[in-house]
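What the coordinates show
Here is what each chain is made of, one letter per residue.
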Amino acid sequence: MRVSAIDIGTNSVRQLICDVEDGSLIRLRKDVKITRLGEGLIKTGRLNPGAVQRTVETIEEFISMAEKEGVDEIYAFATSAMREAKNKELFLDNFSKFNIALDILDGDTESLFGYIGAVKGIKLDKALVIDIGGGSTELAYKGFEFIKESFGIGAVKLTEEFVKSDPPSLEEYNDMRLYIIDTVVNSIGKYNEIERLVGIGGTITSLAAVSQQLEIYSEEKVHGYVLEREEIKRILDRFMSVSLEERKKMAGLQPERADIIIAGTAILLTLLEIFNKKEITVSEWDNLEGAVLYKFGGVKI
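Attention here is on the structure that accompanies the text. For every chain, the first residue of the written sequence is number 1, and numbering continues from 1 onward in sequence order. At least 70 in pLDDT is required for a residue's local features to be given in this predicted model, at least 80 for side-chain atom pairs to be given and counted, and no such filter applies to totals for whole chains, interfaces and linings, which use all residues. To obtain the side-chain values, all non-hydrogen atoms of the structure were included, while hydrogens and water were left out.

Per the convention used, a helix needs a DSSP run of H or I reaching at least four residues, while a strand needs a run of E reaching at least two, with both numbered from the N terminus. Secondary structure summary: the chain contains 13 helices and eleven strands in total. A compact globule built from 301 residues should have a C-alpha radius of gyration of about 19 Å, and the chain, at 18 Å, falls within 12% of that. Seen through its principal axes, the chain has C-alpha atoms that stretch 50 × 45 × 40 Å. We call a residue buried when its accessible area falls under 20% of the maximum for its residue type, exposed when it is over 50%, and partly exposed in between, using a 1.4 Å probe and counting protein chains only. Counting only residues that meet the buried cut, the chain has 56% of its 301 residues in that class. Exposure was quantified through the Shrake-Rupley algorithm and a 1.4 Å probe, taking into account, for residues, occlusion by the shown protein chains and nothing else. With an accessible surface of roughly 13,100 Å², the chain has 46% of that area assigned to carbon and sulfur atoms. Counting rule for charge: Lys and Arg are taken as positive, Asp and Glu as negative, and neither His nor the chain ends is counted. To locate a charge, the coordinates of NZ of Lys, CZ of Arg, CG of Asp or CD of Glu are taken. For the chain, the separation between the mean place of its 38 positive charges and that of its 50 negative charges on side chains is 1 Å. What the globule rule says is 2.2 Å times the number of residues to the power 0.38, and the radius of gyration is computed from C-alpha atoms.

Listed below in structure tokens is the structure:
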């Protein structure tokens, strides 16, 4: 069975086209385009018409691509921005022309999909999976029970709320860090006996690419890459020492992600410090693979 899964996120739209057979997944292609659906959402609570148009146009491109690949099913889901927008009907009215269903995932389901994708991709029995998105961050871990949580901290959201300078000031960074700690601190005690951390999402894959100075992005070099906490600090210092225009030119970093990468890195680094972990493994398999395996591959937790 050939499936397309489309993730409509706060910062980007992504598509996975793959074959699913007997609970196994064969990836054919994975594409991403930054459309910033959540632009301005933190201030207004509403979706911007321009951002909606950009996002819908990208979805149309992806659906056309999927049809050319001969997919049997298209599964589309949206996350944080659509959960929170007061005027989500603006997007839904535009999306209706595609005649496909749209799931607006709650935080628990987003965490579940991310966990399945990450542990299957890295081939682990269990790990704490951290998914840093544009509008939210999810934690998921299977110990004696399966714990999954979603927090309203994301790279776009924190950038719009805290970053006023270019580059951000140390005070702005510290305000972000304290806000992250305040948001997650009451949940930390739930995650006991954690041995491995796995990270998914554009922030951590970008950090892996920057760490390796990849002029051309390589899934093979990013997937399974181990990022050490000290290396993340070193990269953050580089980000904080230069302007946005200079960050856009850094090897391994998408220019469209350069304005939000500091906030995303702040989330990751703060979580590593809170959990007292020295490293995290990067996974290219994420909630797209997890959604397909859960919906079409019969994989459960």
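What follows continues from the structure just given.
Quick look at the pairing of strand 1 (residues 2-8) now. Each regular strand displays side chains that alternate between the two surfaces of the sheet. Counting buried residues along strand 1, six of its seven residues qualify, which places the element largely inside the surrounding structure. Only when DSSP finds a minimum of two bridges between them are two strands counted as paired. Here strand 1 hands over to strand 2 (residues 12-21) after three residues, the two strands then running antiparallel side by side. In the sheet, strand 1 pairs with strand 4 (residues 73-78) via six bridges, with the strands oriented parallel. Counted as the bridge partner of Asp7 is Phe77 from strand 4.

Mapped onto the elements of the fold, Gly189 is located in the loop between helix 7 (170-184) and strand 9 (197-200). For Gly189, a relative accessible area of 55% puts it in the exposed group. Separated by 86 residues in the primary sequence, Gly189 and Phe275 have C-alpha atoms spaced 9.7 Å apart.

It is worth spelling out the pattern of salt bridges at this point. Whenever Lys or Arg places a side-chain nitrogen within 4 Å of a carboxyl oxygen from Asp or Glu, that contact is recorded as a salt bridge. Within the structure shown, the criterion is met by 23 salt bridges. Notably, a salt bridge pairs Glu61 with Lys33, separated by 3.5 Å at the nearest N-O pair. Taken as a pair, Glu61 in helix 2 (residues 49-68) and Lys33 in strand 3 (residues 24-34) lie far apart in primary sequence, 28 residues in all. For Arg83, the salt bridge is made with Glu110, and the minimal N-O distance between the two is 2.9 Å. Taken as a pair, Arg83 in helix 3 (residues 80-84) and Glu110 in helix 5 (residues 107-122) lie far apart in primary sequence, 27 residues in all. Each of Asp7, Arg14, Arg27, Lys30, Glu219, Glu284, Asp286 and Glu289 takes part in salt bridges that share partners, so that together they form one network.

Here the bond from Asp166 into Pro167 is cis, since omega is -5 degrees, no more than 30 degrees from zero. Assignment of secondary structure puts Pro167 in the loop between helix 6 (155-162) and helix 7. Unlike most non-glycine residues, Lys123 shows phi in positive territory, near 65 degrees. Checked against the element boundaries, Lys123 lands in the loop between helix 5 and strand 6 (128-132). For Lys123, a relative accessible area of 72% gives the class exposed.

Bringing the packing of aromatic side chains into the picture now. Note on aromatic pairs: the rings of Phe, Tyr and Trp (six-membered ring only in Trp) are paired at centre separations within 6.5 Å, and the planes decide the class, stacked below 30 degrees, edge-to-face beyond 60, tilted for the rest. For the coordinates displayed, the defined rule picks out eight aromatic pairs. Here Phe91 and Phe95 contribute two aromatic rings whose centre-to-centre distance is 5.8 Å and whose plane-to-plane angle is 25 degrees, an arrangement assigned as stacked. With a gap of four residues between them, Phe91 and Phe95 both fall in helix 4 (residues 88-95), about one helical turn apart. For Phe91, a relative accessible area of 0% puts it in the buried group. Exposure remark for Phe95: the relative accessible area of 4% places this residue in the buried category. For the ring pair Phe162 and Tyr179, a centre distance of 5.4 Å and an interplane angle of 55 degrees mean the geometry is tilted.

Turning to the sheet that holds strand 6, a few remarks are in order. Pairing between sheet strands relies on hydrogen bonds along the backbone, with the strands arranged either parallel or antiparallel. Read across the sheet, six strands follow the order 8-7-6-9-11-10 without closing on themselves; strand pairing throughout is mixed. With partners counted over all chains shown, the strands left at the sheet margins are strand 8 (146-151) and strand 10 (226-228), one partner each. The average angle at which neighbouring strand axes cross in this sheet is 25 degrees, direction not considered. Direction of pairing for strand 6 relative to strand 7 (residues 137-142): antiparallel, over a ladder of four bridges. Residue Ile132 lies in a different strand from strand 7, and its bridge partner there is Thr137. Contacts from helix 10 (residues 229-240) reach strand 10 and strand 11 (279-282) within the one sheet, and its direction differs from that of strand 10 by about 70 degrees. Here the axes come from fitting lines to C-alpha atoms, over the contacting stretch only for helices, and the angles between their N-to-C directions go from 0 to 180 degrees. Any two residues whose heavy atoms approach within 4.5 Å at even a single point are treated as in contact.

Extensive coverage of helix 13 (residues 287-296) is indicated by the burial of seven of its ten residues. Listed in full, the buried residues belonging to helix 13 are Asn287, Leu288, Glu289, Gly290, Ala291, Val292 and Leu293. Two residues or fewer after helix 13 comes Gly298, characterised by a positive phi angle close to 75 degrees.

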